[in-house]
Amino acid sequence: MSFFSKVLDYAERLPEGIERTRDQIIGIIDPDRRHDHPEEKLDDEIRAQINASHRFDSFADQRIDNAIKWHIDGHDYMYALSEILDSAKECIFILDWWLTPELYLRRPPADHPEWRLDRLLQRKARQGVRIYVIVYKEVTQTMSLNSKHTKAALEALHPNIACMRHPDHIGSKDAVEFWSHHEKLVVVDNHRGCVGGLDICFGRWDTHNHPLADVHPTDWSRTLFPGQDYNNARVLDFQNVDNYVSNAVSIMETPRMPWHDVHMTLCGSVCLDLSQHFVERWNEVKRRKYRNDDRFDWLALPHNVELSPSEAVVRHPHREKWHRMGRRFRQRFHLENDDKVEPPYTAPPHGLCRVQVVRSVCDWSHGVLTEHSIQNAYIQMINEANHFIYIENQFFISNTREEGPVKNQIAKAIVERILKAAKDDRKFKVIVVIPELPGFAGDVKNDSALKTIMAAQYRTINRGGHSIYEEIRKAGFEPMDYIRFYHLRCYDRINAPQKSLISQMEANSGVSFYEAQIALARQWEGPRYTGGDAPKEVFIKVPQPAQEGMVLSQTKMKLEKVPLPASYDDAVNIVRRFEKGSDDIRGDEDVSDTIAQHRLLDRTRLSDEIWYGSEAEERDAYVSELLYIHSKVMIVDDRRVIMGSANLNDRSQKGDGDSEIALVVEDGDMVRSTMNGQPYMAARFATTLRRKLFREHLGLIEPQNVLHSREEVTSFMRCAPEPNDNEIGTREDNAVADPLADSTLELWNRTARINREIFTEVFRPVPTNLVRSWSTYEASNDNYLPKVKTGHVVPEIQLQRIKERLSQVRGSVVECPLDFLIDDKDFVEGVDWLGLNPTLPIYI
C-alpha cells in the first residue's frame, strides 16, 4: 500500500476511532447508565425483591426432585458431556471461559475421530438443533485463548451455530479491562445440564492416573493428548491455540501438567434456572453488541408461568418482552395433563436432590446490580457446619477482617467457626487442597503473577498479621488441630530412550522424533490448511539443563525448528515412516508408555516395569510435576455441597469481578455412616463425592487405563440421570467413610507426609519448607535445586533408590510447605498490601 493510500485509509477510519473513544469515555463517566432511569430502577427493585425472597440472596430458589451426579476428572466428565450433547433435540446453550472446537471428548483420538467437539456440534446442527455459544473475549495482549478462532471455527460449521464474544476491552461503553466470563455451563433442551470447573478446552481432559508421559514410539495411535493438548502451563503457556501444531513442548523431555477437576451433570427443573441465567446473558450481550445482527436470535425464557404461577420468574422484568420477541424452546417440567415427554427424556421427578443455583454477576457481566450469592452460600454453609469441611479450589485468597485489599470474608467465617468449636471443646476439622503453585509459566522469584498470588495465599493461611492461623493462635488455640492445607503431586516415566531407541528409529526412518511429533499433531487437526495460509515450519521448545544452582525454578528452553507437513496425507506418511523405523531394532510392546498407575491400586509393581534402554536413560526418564487442582468445590458435613466455576478469591466471590455460577446440592437420599465414630446419616451425593476424592488422592482407587476403543464405559462416565455405581461398603471406601475418625485423619496425614518426603528426596520440587527466604532461594552455593531439566530426578540418586522410593508413593496428596519463604517478611508485607497497587485486584 502506498503512503497516500495509507493516509486515505487512516482518514476513513478516523470517525470510527473518534466514536469508539467517545463511547469509552461515556462508559467511564457514567458507569450506572443502565440503572439510572425510573424504569431501570424499577427493574432493579423487582430483581432485588426476588433475590431477597431466596436463600443466599440468589436470583433462583431451591428446586426439588433433581438428579445430580458428580464426575471426577475430565475423562469421565467429557464422556458424559458427549452423551448430553449427542442427545440434543432442539437447542444447546454453552457458556464458557475458553472453548476449543478441536477438543476430543472421547479418547484415544485415533479411535474416536467423530467425537471431536466441532464435529459433534456440526452433526447436531445439521439435524436441526440450534446451538448458542458465549465465550469470554480475552485481553489479547495478555491471554492466549483466541476466542476469535473459537467463534470463526464454530460459525463456519453450520448456520444453526451462533457464537458471541464478550466483553469488549477498548473503545466501547462497556470496556472491561480485568474481569472475565468464567462460567463453565452447558444446557441441552432445557432439560439436562452441566455445571462445574471444567472448561471445554485444551489441557483439561485427564484420567484418574494423571499421566505425565504420552510418548508411544512404535504406535503413535495410542496418543491421548494430541497436539496442543499436551501442555505444561508451568513451563510454557498456550500460544496460537488456533493452530494445533504450534506451541509444542517436547513430549520426549517435558512432563505434561496433569489436571484434577470436578464437574456435575444434571437432569431436572434446576435446568430452568440455568437456562434463565444463559438467556439473560445472551440477550444482554445481543442488546449491547449484536442488536441489529439477525444471525443472533433474541431468546425467550422457557418457563410456563401459567402452570407455575408461584415461581419468581413470573415477576422477571423482561419475561413478557422476551416472550413476544424471542425464540422459545420447550421445557418438560411443568406439564399440561395431555403433554407427552418424548424419549430420551422423562417427566419429573428425576431424583431426590434439592438444588439451588447461585452466581456472581453485576452490571458489566449481566446488566444487573451486583449479586454475590456464591460468597453468601460459602459463608452461610461454613457458619452452619457441625463437624467437617472439605475444600478443593484453584486458589485460596480471602480475609479474616474487613480491612485490607482482599474483601471476601470466607476466611473470617472459617476462623469464627473453628473458634466456636474450640471454645466448645468440640472436634471440628477443615481440610483444604490447593495447587502447589499457580498455573503460570515463570520463576517464583521473578514472575509477578506467581509471586503475588502465592503471597496472597500465604497471607490468608499463616502470615501477614491477620491470617487464619494467626487469628486462631491469638485466641489461644493451635490452628493445626483444626485446619490443614495440602497439595497434589505425581510422577511418571517417559518412554523415549534417546540413544538406544529414538536415535536409531530416526536413522532408520529418515524422520526425526520432533518431525513425527509435529506430523501427528497435524494429523489430528485434519485437512484444514489450504493454499498459501499454511505455515511452513513450527518450533518445539526443548528444555535445557540448568547451569546455575538455585537461581531459577524453571528450565531454560531451546527452540527446535521443525518443518510442517504440507498436507494431511503427508503427515500420516511421516508418522508411519517413523514407526517403521523400529522394525529392525527391537519390540517395544513390553515397555510401558506410562507408569503413573502405580500410585493407585495397580495389580503390578513399579519394580516389575521393563526397560530396554540403559540405566542412565531410565534415570533421566523419571519425571514429576504438580497435579494442578482446578476444582471449585466445598463439602460440608458429608451432607451439603457447593460446586461450580467460582474460585476462592475476590475475582470470583465479590460479584463485581468475574462472572460465575455454582450449585448448592442437598441430596434427600440419606445413607448410614459415622461421624467421629458415632452413627450418622450422610447425604449420598456429598459423602460419595468426598469419599471418592479422598480415595483418589490416597491411591485407593483402581487405575483408569485408556488403552483402546474397547474401554469399558462405566457408570461414572454416563450422564445424569443414570446414577453412579454404589461403592459404599467396599474396603477402600470404609477406610475413608468417617471424615472425623482418627484412623481416616491419620491415613490422610501420614500419606501426605510420606509422599512429600519422597518427592523432596527424588525431585526437590519448589515450594519447600527447606527454602525459608529469598536469600536461600538465590544462593548459588546452595544445592537444593538440582542442575537438571525441570521435573527430572536429582543427579546423585541411584536408579534402584528412585524405584524403591517412588514405589512407596500412594495417591498424590502431599503436605503444604507452610514455611516456604516464611523468614522473608517483605514477601507478604510489601507495599502491594497497603492498597497502593492498582493492578492487585487482577491477581486476588
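Refer to the structure above for everything that follows.
Note that the coordinates shown come from a computational prediction; the quantities given were computed from them, not determined experimentally.

Rules and cut-offs
- Residues numbered from 1 in each chain as written.
- Predicted model: local features only at pLDDT ≥ 70, side-chain atom pairs only at ≥ 80, totals over all residues.
- Heavy atoms only, no water.
- Phe/Tyr/Trp six-rings, centres within 6.5 Å; stacked < 30°, edge-to-face > 60°.
- Helix = DSSP H or I, 4+ residues; strand = E, 2+ residues; numbered from the N terminus.
- Buried < 20%, exposed > 50% of the residue type's maximum accessible area, 1.4 Å probe, protein only.
- Lys NZ or Arg CZ within 6 Å of the ring centre and 35° of its normal.
- Contact = heavy atoms within 4.5 Å.
- Core = buried A, V, L, I, M, F, W, Y, C linked by side-chain atoms within 4.5 Å.
- Patch = residues over 30% accessible without salt bridge, like charges linked within 9 Å, V, L, I, M, F, W, Y side chains within 5 Å.
- Areas by Shrake-Rupley, 256 points an atom, 1.4 Å probe, with all protein chains shown as cover.
- Salt bridge = Lys/Arg side-chain N within 4 Å of Asp/Glu carboxyl O.
- Lys, Arg positive; Asp, Glu negative; His and termini not counted.
- Polar contact = N/O pair within 3.5 Å; in protein donor to acceptor, adjacent residues only side chain to side chain.

### Some details on the packing of aromatic side chains
Inspection of every chain in the model, using the stated rule, returns 28 aromatic pairs. Ring geometry for Phe513 against Phe578: centres 5.9 Å apart, planes inclined by 80 degrees, an arrangement best described as edge-to-face. Placement of the pair is Phe513 in helix α14 (residues 513-525) and Phe578 in helix α15 (residues 568-580), with a sequence separation of 65 residues. The same class applies to Phe513 as to Phe578, namely buried. Through a chain of ring-to-ring contacts, the aromatic side chains of Phe93, Tyr132, Phe278, Trp282, Tyr290, Phe296 and Phe329 assemble into a single cluster. Taking the ring centre of Phe225 as reference, the NZ or CZ of Arg256 above it sits at 3.8 Å. Taking the ring centre of Phe694 as reference, the NZ or CZ of Arg690 above it sits at 4.7 Å.

### Structural notes on the environment of Ile382
By secondary structure assignment, the location of Ile382 is in helix α9 (residues 373-383). By relative accessible area, which is 0% here, Ile382 ends up buried. A sequence separation of 35 residues divides Ile382 from Arg417, and the C-alpha atoms of the two residues are 7.0 Å apart. Contacts of Ile382, omitting those with residues within four sequence positions, involve Ile389, Ile410, Ala413, Ile414, Arg417 and Met634.

### Digging into the nonpolar core
Counting residues in each nonpolar core, the largest one holds 178 residues, and the members touching the most others are Leu85, Leu663 and Leu689. Contact partners of Leu663, with chain neighbours within four places excluded, come to Val195, Met264, Leu266, Val270, Leu274, Val355, Gln356, Val357, Val641, Ile642 and Met643. Of all hydrophobic cores here, the second largest spans 40 residues; its members include Met381, Ile382, Leu419 and Phe485.

### With respect to a nonpolar patch on the surface
There is a patch of nonpolar side chains on the surface, built from Val831, Leu834 and Leu836 and spanning about 350 Å² of accessible area. As for its position among the elements, Val831 is in the loop between α23 (826-829) and α24 (840-843).

### Notes on the pattern of salt bridges
For the coordinates displayed, the defined rule picks out 61 salt bridges. Ionic pairing is found between Asp669 and Arg684, a salt bridge with its closest N-O pair at 2.6 Å. A residue pair is termed long-range when its members are at least 10 positions apart, and Asp669 in the loop between β21 (660-667) and β22 (670-675) and Arg684 in helix α18 (residues 684-698) qualify at 15 residues. Note that Glu727 is salt-bridged to Lys692, the shortest N-O span being 3.3 Å. Of the two residues, Glu727 sits in the loop between α18 and α19 (731-736) while Lys692 sits in helix α18, which places them 35 residues apart along the sequence. Overall, Glu727 belongs to the partly exposed group, its relative accessible area being 23%. Here Lys692 falls in the buried class, since its relative accessible area comes to 9%. One salt-bridge network, in which partners are shared between bridges, spans Arg55, Arg354, Glu384, Arg640 and Glu666.

### Observations regarding the environment of Phe388
If you trace the backbone, Phe388 turns up in strand β12 (residues 388-393). For the pair Phe388 and Tyr482, spaced 94 residues apart in the sequence, the C-alpha separation amounts to 9.5 Å. Among all residues touching Phe388, those that are not within four sequence positions of it are Phe428, Lys429, Ile431, Ile635, Val636, Asp637, Arg690, Phe694, Pro739 and Leu740.

### Considering the side chain of Lys632
Mapped onto the elements, Lys632 comes out in strand β19 (residues 632-636). Asp261 is the oppositely charged side chain nearest to the buried, salt-bridge-free Lys632, at an N-O distance of 6.0 Å. At 2.8 Å, the side chain of Lys632 forms a polar contact with the side chain of Gln394. A polar contact of 3.1 Å, which involves the side chain of Lys632, links it to the backbone oxygen of His630.

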